[in-house]
Amino acid sequence: MTVITPTDIENAAAQAVAAPQDFEVRPFDAPVGAEVVGLDISKPINAADFARLHRAHLDHHVVVFRDQRVSPEDHVAFSRRFGPLQIHVLHQFQLQGHPEVLIVSNIKENGEPIGLGDAGVYWHSDLSYKETPSLGSLLHAQELPSEGGDTLFADQHLAWETLPPALQQRILPLKAEHSYLAKYEELRAKNPWRPKLSQQQVDQVAPAVHPIVRTHPETGRKALFVSEHFTTRIVGLPQDESDALLAELFAHSVQPAFVYRHEWKPHDLVFWDNRSLMHLAAGTPDHLRRKLFRTTIEGDRVF
Ligand code: SIN
């Protein structure tokens, strides 16, 4: 349920009378992605400007808003214009006072991690383990390392469109299970600071079953929807056959020809479409600090 707050009403009133912002959308020389230059997401954005941003997101799948010196409140308010926000199960890493913001960080303070340090180490689409996976995520750079820390995005429409027709026919009717727990203990063994989940947290992340090939609800384009991180099995296939088919699809789906590699600049706010892309955190050297804030917008049931 979406709760409308007095701030939302004030924001809507300001947006209705806002002057246009003078910004440009510049596509990257890459399979996906564009940067938006000259827009301030903390200022009211009128309906025509918002429609341009929405179109850019649908066309380019990942949109980089440069130089956003904005507060978590602005980040949350902008994210909410695209839909209700999802709260991550790891409440340990919520930003204080902002449960909608997940801290993604390798920083430890007083020996304790301040955020999820190994978020995105396997290719995935955010919250695909939910009945209603995420529409999109917005990641805002707070502190960046002097080397490393890139994020890669792979176009799953291209992945689908370039599969051999016989394989397309084979997988079109199939469904697969996605589970948040699929790699949780393996990651915890490598990164012991990953919190042990309470029973309540485990109950919040019951697995979900989705079509392997999804249709984007706004553009109608088909996309592959399986990931190395969360997809555990194809429903109805023996485990060995399921493992072999998933391995083939995973390898196909993240070829360099489908990938944009984002090298972060200070104050970047990156907004990607989880219905079109998978993403991967390339990793940060342990001695360097990296901190970003993430919001996640709820999407539709997958079809
Ligand atoms: C994520 O998977 O949301 C985190 C990506 C990153 O840290 O680059």
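In what follows, the structure referred to is the one given above.
Reference entry: report on the structure contained in this document.

Rules behind the numbers
Residues numbered from 1 in each chain as written. Predicted model: local features only at pLDDT ≥ 70, side-chain atom pairs only at ≥ 80, totals over all residues. Heavy atoms only, no water. Pairing = 2+ DSSP bridges. Helix = DSSP H or I, 4+ residues; strand = E, 2+ residues; numbered from the N terminus. Axes fitted to C-alpha atoms, helices over the stretch in contact; angles between N-to-C directions. Expected span 1.5 Å × (residues − 1). Buried < 20%, exposed > 50% of the residue type's maximum accessible area, 1.4 Å probe, protein only. Arc of directions from axis to C-beta. Contact = heavy atoms within 4.5 Å. Polar contact = N/O pair within 3.5 Å; in protein donor to acceptor, adjacent residues only side chain to side chain.

## Brief notes about the sheet that holds strand E11 (residues 208-211)
Pairing in this open sheet of three strands is antiparallel, and the strands run E11-E10-E14 from one edge to the other. Both edges of this open sheet fall to E11 and strand E14 (231-234), since each of them pairs with a single strand only. Averaged over neighbouring strand pairs, the angle between their axes works out to 35 degrees when direction is ignored. Pairing analysis gives three bridges linking strand E10 (residues 175-178) to E14, with the strands arranged antiparallel. Following the sheet pairing, Glu 177 is matched in E14 by Arg 233.

## Considering helix H8 (residues 239-253)
Its 15 residues place the ends of H8 21 Å apart at the C-alpha level, agreeing with the 21 Å of an ideal helix rising 1.5 Å per residue. The set of residues buried in H8 consists of Ser 242, Leu 245, Leu 246, Leu 249, Phe 250, His 252 and Ser 253. Down the axis of H8, the smallest arc covering the buried residues is 165 degrees, so these residues share one side. Exposed side chains of H8 directed beyond 90 degrees from the buried face belong to Asp 240 and Ala 251. Residues of H8 that are buried make contact with strand E9 (151-155), helix H4 (156-161), helix H5 (165-171), strand E13 (222-224), E14 and strand E17 (277-281).

## Here we look at the side chain of Gln 86
Note that Gln 86 resides in the loop between helix H3 (72-80) and strand E4 (94-95). On the accessibility criterion, Gln 86 (8% relative accessible area) is buried. A distance of 3.0 Å separates a polar atom in the side chain of Gln 86 from the backbone oxygen of Thr 132. Setting aside chain neighbours within four positions, we find Gln 86 in contact with Glu 100, Leu 127, Lys 130, Thr 132, Pro 133, Ser 134, Thr 296, Ile 297 and Glu 298.

Functional significance is not addressed by these values, which are geometric in nature.
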